[in-house]
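Secondary and tertiary structure notes
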Amino acid sequence: MLYGALEAGGTKMVVAVINEKGEVLERASFPTEEPEKTMPVLIDWFKERKPDALGIGTFGPADLDETSPTYGYITSTPKLAWRNYNILGAFKEALNVPIGFDTDVNAAALGEASFGCMRGISDGIYITIGTGVGVGVLTNGKLLHGMLHPEAGHILLSLDPKDRFEGNCPYHKTCFEGLAAGPAIEKRYGKKAAELKDLPQVWELEAGYIAKALVNYIMILSPKKIVLGGGVMHQEQLFPLIREKTVSLLNGYINTKEIKNIEDYIVPASLNDDQGILGCAKLAELAM
Ligand code: ADP
Ligand code: ZN
């Protein structure tokens, strides 16, 4: 079997063909321009490689409800050219193979659950902190959709008393994404996040917001593992800070073996940033 994988992002489209063992046989990346320009390039790439099925993990919001007339559409994205675009339909028409469709972060959660550090775990979450913040949720072995799909990057957090930043989310200002995604860090300090590496106060504040969000996810979703990926999480010094602050905020209220073993509970993504495309390959397999 050959699985096609498409990680559809707001800046770039990553495509790959992957075998059953989860080995990436070939990959490429194309900039995300308007659909009229980008889609033919992606379709040709897959046509040449003839996958048996395709899996798409997309930026969103997207319609994942198979009974909806707009199933497979990217819906209210701020990327205007892609708003209300039937991305699934375009691939279905062109490729004529089974296609799995989910959000980029749900795909990444599935990638970690199938090939990475969440193998054998029925309930876990994958969080990306990059240009935006997104959360993929695996619950009872399935990806959570609900009414739409979780948009847990936009949960509202209390402001740190030392933080004077107005927030960066166009919808909610100081939601988690508005306070802690890469662009929020850059706006708050006027410098690229990666260039702030040696300023401990930057990562103290960042870890504080991440820990608050994790406490909310722990209380609501009761995950057995929390995986953190995305560009900002390349700052590895965040991990011990996040673990310590999460335990401190939980304040002894939750006493599971997972929380007692916090180093193994809050962990970095384990698949070298391939968790997304590997999850897309799994979506392709599941679609067959
Ligand atoms: P995307 O979210 O667009 O898929 P990334 O996950 O790479 O892409 O996230 C990009 C964001 O992460 C940018 O805001 C960038 O400043 C930030 N970022 C990328 N690399 C690092 C790094 N090493 N340290 C801190 N922030 C980083
Ligand atoms: Zn928001």
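For the structure itself, consult the block above.
Counting restarts for each chain, with residues numbered from 1 along the sequence as it is written. The order in which chains are written sets their letters, starting at A; the order in which ligands are written sets their numbers, starting at 1. Note on the predicted model: pLDDT of at least 70 is required for a residue's local features to be given, and 80 or more for side-chain atom pairs to be given and counted; whole-chain, interface and lining totals, by contrast, use all residues. Values reported for side chains reflect all heavy atoms of the structure, with hydrogen atoms and water molecules removed beforehand.

**A word on the site of ligand 1**
Being near a molecule or strand, for a residue, means having at least one of its heavy atoms within 4 Å of it. Around ligand 1 sit 13 residues in total, of which G130, T131, E186, G231 and Q235 are the nearest. Contact between ligand 1 and T131: an oxygen atom at 2.7 Å from a side-chain N or O atom of the residue. Any N or O atom pair separated by 3.5 Å or less is treated as a polar contact, with the protein-specific requirement of one donor-capable and one acceptor-capable atom, and with residues adjacent in sequence counted only for side-chain atom pairs. Between ligand 1 and G231 there is a distance of 2.8 Å, counted from an oxygen atom to a backbone nitrogen or oxygen. In isolation ligand 1 has 560 Å² of accessible area, and contact with the protein removes 65% of it. Gly is put with the polar residues, along with every residue not named as nonpolar or charged; the nonpolar set is Ala, Val, Leu, Ile, Met, Phe, Trp, Tyr, Cys and Pro, and the charged set is Asp, Glu, Lys and Arg. Residues belonging to the shell around ligand 1 are distributed by class as follows: four nonpolar, eight polar and one charged. The accessible surface values rely on the Shrake-Rupley method and a 1.4 Å probe; as for residues, cover is taken only from the protein chains in view.

**Focus: the packing of helix α3 (residues 104–115) against helix α9 (residues 275–287)**
Orientation is described by lines fitted to C-alpha atoms, with helices fitted over the stretch in contact, and by angles between N-to-C directions that extend from 0 to 180 degrees. Helix and strand definitions here come from DSSP, where helices need a minimum of 4 consecutive H or I residues and strands a minimum of 2 consecutive E residues; each element is numbered from the N-terminal end. It is at 7 Å that the axes of α3 and α9 come closest, and there the two elements cross at 85°. Our classification of the angle between α3 and α9 gives roughly perpendicular. Between α3 and α9, the residues in contact are A107, A108, L110, G111, E112, S114 and F115 and Q275, G276, L278, G279, C280, K282, L283 and L286, respectively. A class-by-class count of the residues in the contact of α3 with α9 yields eight nonpolar, five polar and two charged. Note that the term roughly parallel is reserved for angles under 35 degrees, roughly antiparallel for angles over 145, roughly perpendicular for angles of 65 to 115, and oblique for everything else. We call two residues in contact whenever any of their non-hydrogen atoms come within 4.5 Å of each other.

**Let's talk about the pattern of salt bridges**
Any carboxyl oxygen of Asp or Glu that lies within 4 Å of a side-chain nitrogen of Lys or Arg is treated as forming a salt bridge with it. Following the criterion strictly, the structure yields 12 salt bridges and no others. The shortest N-O distance in the salt bridge between D123 and K224 comes to 3.8 Å. Here the residue D123 occupies a position in the loop between α3 and β8 (124–129), and K224 occupies one in the loop between α6 (200–221) and β11 (225–229), the gap between them amounting to 101 residues. For K224, a relative accessible area of 42% translates into the label partly exposed. Its salt-bridge partner being E285, residue K282 comes within 3.5 Å of it at the nearest N-O pair. A residue pair is termed a helical-turn pair when its members lie 3 or 4 positions apart in one helix, as K282 and E285 do in helix α9 at three residues. Taken together, the shared-partner salt bridges connect E26, E48 and R49 into one network. Exposure categories follow from relative accessible area, calculated using a 1.4 Å probe and restricted to protein chains: below 20% of the type maximum is buried, above 50% is exposed, and the middle band is partly exposed.

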